[in-house]
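The lines below spell out each chain.
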Amino acid sequence: MLKTLQGLPLEPPAFAWAKSKSTEGKVHDWIQSVERLDGKVDSEWDVVFFGVPLSRSSISASGASEFPDAFRKSWKGFSTYNLDEEVDLESLNVLDIGDVAMHFTDITKCHSNILETMEGVSKNFSRSMISAIGGDHSITAMLVKGIREAFPEESIGILQLDTHFDLRDLKSHGPTNGTPIRNLIESNSVRGENVHNIGLHGFFNTKSLVDYAKKEGLNFTTMRNARRQGIVNTVQNALESLAENVDRIHLTVDMDVLDIAGAPGVPASTPGGMLTDELFQAVFHAGIHPKVKSMDIVCLDPTKDHQAQPTVKAGTHVFLSFLSGYCKRGEK
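Okay, so let's go over this structure. On a predicted model such as this, the values are computed, not experimentally measured, just so you know. (Residues numbered from 1 in each chain as written. Predicted model: local features only at pLDDT ≥ 70, side-chain atom pairs only at ≥ 80, totals over all residues. Heavy atoms only, no water.)

**Observations concerning the nonpolar core**
Grouped together as the largest cluster of nonpolar side chains are 54 residues, with contacts concentrated most on Leu159, Leu251, Met255 and Leu279. No other element matches the nine residues that helix H11 (residues 310-327) contributes to this core. Contacts of Leu279, omitting those with residues within four sequence positions, involve Leu161, Val253, Met255, Val257, Leu258, Met274 and Val318. Grouped together as the second largest cluster of nonpolar side chains are 38 residues, Val144, Ile181, Ile185 and Val298 included. (Core = buried A, V, L, I, M, F, W, Y, C linked by side-chain atoms within 4.5 Å. Buried < 20%, exposed > 50% of the residue type's maximum accessible area, 1.4 Å probe, protein only. Helix = DSSP H or I, 4+ residues; strand = E, 2+ residues; numbered from the N terminus. Contact = heavy atoms within 4.5 Å.)

**So, the environment of Arg148**
Turning to its location among the elements, Arg148 is positioned in helix H4 (residues 138-150). Assessed through its relative accessible area of 27%, Arg148 is described here as partly exposed. Along the primary structure Arg148 and Val190 are separated by 42 residues, whereas in three dimensions their C-alpha atoms are 9.3 Å apart. Apart from residues lying up to four places away in sequence, Arg148 is in contact with Glu154, Ile156, Asn188 and Ser189.

**Some points on the layout of surface pockets**
For the largest pocket, the calculated volume is near 330 Å³. If you go around the largest pocket, you meet 20 residues; those closest to its centre are Ile59, His164, Asp166, Arg168 and Gly178. Residue classes in the lining of the largest pocket are distributed as eight nonpolar, eight polar and four charged. (1 Å grid on protein atoms, 1.4 Å probe; cavity = no way out; pocket = protein on both sides within 12 Å on 5 of 7 lines; lining within 4 Å. Points joined across faces, edges and corners; volume = space filled by probe spheres on them. Nonpolar A, V, L, I, M, F, W, Y, C, P; charged D, E, K, R; others polar.)

**Focus: the packing of aromatic side chains**
Aromatic ring pairs: the centre-centre distance and the angle between the two ring planes describe each pair. Tallied over the full model, the rule gives seven aromatic pairs. Relative to Trp75, the ring of Phe49 lies with its centre 6.0 Å away and its plane at 85°, an arrangement referred to as edge-to-face. A residue pair is termed long-range when its members are at least 10 positions apart, and Phe49 in strand S4 (residues 47-52) and Trp75 in the loop between helix H2 (67-73) and strand S5 (81-82) qualify at 26 residues. Comparing Phe49 with Trp75 shows no difference in burial state: the two are buried. Aromatic side chains Phe49 and Phe319 sit 5.4 Å apart centroid to centroid with 65° between the ring planes, which places their arrangement in the edge-to-face category. Remark: Phe319 occurs in helix H11 and Phe49 occurs in strand S4; sequence separation between them is 270 residues. Residue class for Phe49 comes out buried when judged on its relative accessible area of 1%. With relative accessibility at 1%, the residue Phe319 sits in the buried group. Through pairs of rings, three or more aromatic residues link up here, namely Phe49, Phe67, Phe71, Trp75 and Phe319. The side chain of Arg182 reaches across the aromatic face of Tyr212, ending 3.9 Å from its centre. The positively charged end of Arg248 is found above the aromatic ring belonging to Phe151, 4.1 Å away from the centroid. (Phe/Tyr/Trp six-rings, centres within 6.5 Å; stacked < 30°, edge-to-face > 60°. Lys NZ or Arg CZ within 6 Å of the ring centre and 35° of its normal.)

Laid out in structure tokens, this is it:
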């Protein structure tokens, strides 16, 4: 019986029921944080990730710096169980170590912090899958350079899912979200032939960028050809090609690879891109490959997203789909 009002008993409404705490796995309960562990963190984690809230280096006006926070807030809407793959992510130990410190105005300092963070995390969690949640695409160059600093004897390949080449000239554009792959090639961090870009399409790259890609031996598959070959086949072929030539592979997912209908919340949304299901399959199979040891998700702007947050949810789904593949490694 509920409390009385002026001496009259108040009965529970007819639709009331006794609530019990669910024991089903939820992402927000499953992922651990440094704060939740009171700073007592060892190196035995399957997956370690951090946020990179930087978007000042974006060519297009971007609020991609807001995605790490939106990403974490979205977890309550996701279970740890992947029905499509029949995988429960609760078997993985996943640690959120927070965000890289950003300078208010100095992009060079921000990039330096990203590089140093990736180097330190890669060394301290050398057996973990390292993931970064961006941020604009300029962060990828710093992440890969950080890996190079951590493992200078190892060669690195890149699997890039993107609408764009990201090969603009550094002399005229600087270290922006339009130049990370060229930055890595020209700094001798990655060889052009060890880059595979899947998802380019339409009228969103200039011929000069195509010419530069061909000159450097970069491998690229347009969205149309990827569909003809099959998205999964295209990804697997790229991974096998990379695995023959490099020691480790970094996956970079630019969310503008998605069609504008499925991802309105990106700085450079376009028609003709991947469907969300195609992207989820692509990253799932990337997660399975043993040489993929790091990944990032970039260029997702929650401030441009629709009210229901389809892009934010897609970005979180990408992360969980990749980890679903990672869970399957032992079965292959």
